[in-house]
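Residues per chain are reported as follows:
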Amino acid sequence: MALDRLEVFETRIQELVKLVQELKKRNALLDDEIKTVRQRLSSQDEMNRRWERERLEIKSRIEKVMGDIDLLECVEDPKEVAP
């Protein structure tokens, strides 16, 4: 009877060892996946910052051109210019 209990105990230990091994494999895969996702996120963040800089530069240039156009309109229509 004691041997039967020992066999059951051994079987459970073996199952636990297999489970731990499987969990370690899954953990390693998840670590790799996290590393890949972090790299992609970092790359995307850099791209977003670059787009934001471009957007601000374009906005500034458009505002400058619009200001130049306003100056041209004032020169063309002297009625709008204050005496």
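That block above? That's the structure.
Report on the accompanying structure. None of the values given here were measured: they were computed from a predicted structure.

Procedures and definitions
- Residues numbered from 1 in each chain as written.
- Predicted model: local features only at pLDDT ≥ 70, side-chain atom pairs only at ≥ 80, totals over all residues.
- Heavy atoms only, no water.
- Helix = DSSP H or I, 4+ residues; strand = E, 2+ residues; numbered from the N terminus.
- Rg over C-alpha atoms; globule rule 2.2 N^0.38 Å.
- Lys, Arg positive; Asp, Glu negative; His and termini not counted.
- Charge placed at Lys NZ, Arg CZ, Asp CG, Glu CD.
- Salt bridge = Lys/Arg side-chain N within 4 Å of Asp/Glu carboxyl O.
- Buried < 20%, exposed > 50% of the residue type's maximum accessible area, 1.4 Å probe, protein only.

### Some remarks on the overall build of the chain
So, step 1. Summing up its helical and strand segments, the chain has one helix and zero strands in all.
So, step 2. Here the C-alpha radius of gyration of the chain, 35 Å, is well above what a compact globule of 83 residues would show, namely 12 Å.
So, step 3. Each charge class in the chain was averaged separately, 17 positive and 20 negative side chains, and the resulting centres sit 8 Å apart.

### Remarks on the pattern of salt bridges
So, step 1. This structure, assessed with the given rule, holds six salt bridges.
So, step 2. Between Glu 22 and Arg 26 there is a salt bridge, with its nearest N and O atoms 3.4 Å apart. Here the residue Glu 22 and the residue Arg 26 both occupy positions in helix H1 (residues 2-76), the gap between them amounting to four residues, near one helical turn.
So, step 3. The exposure class assigned to Glu 22 is partly exposed, which follows from its relative accessible area of 35%.
So, step 4. The closest approach of N and O atoms between Glu 46 and Arg 53, which form a salt bridge, is 3.7 Å.
So, step 5. Take Glu 46: its relative accessible area is 32%, and that puts it in the partly exposed class.
So, step 6. The exposure class of Arg 53 is partly exposed, given its relative accessible area of 48%.
So, step 7. Counted as one network, the salt bridges with shared partners bring together Glu 46, Arg 49 and Arg 53.

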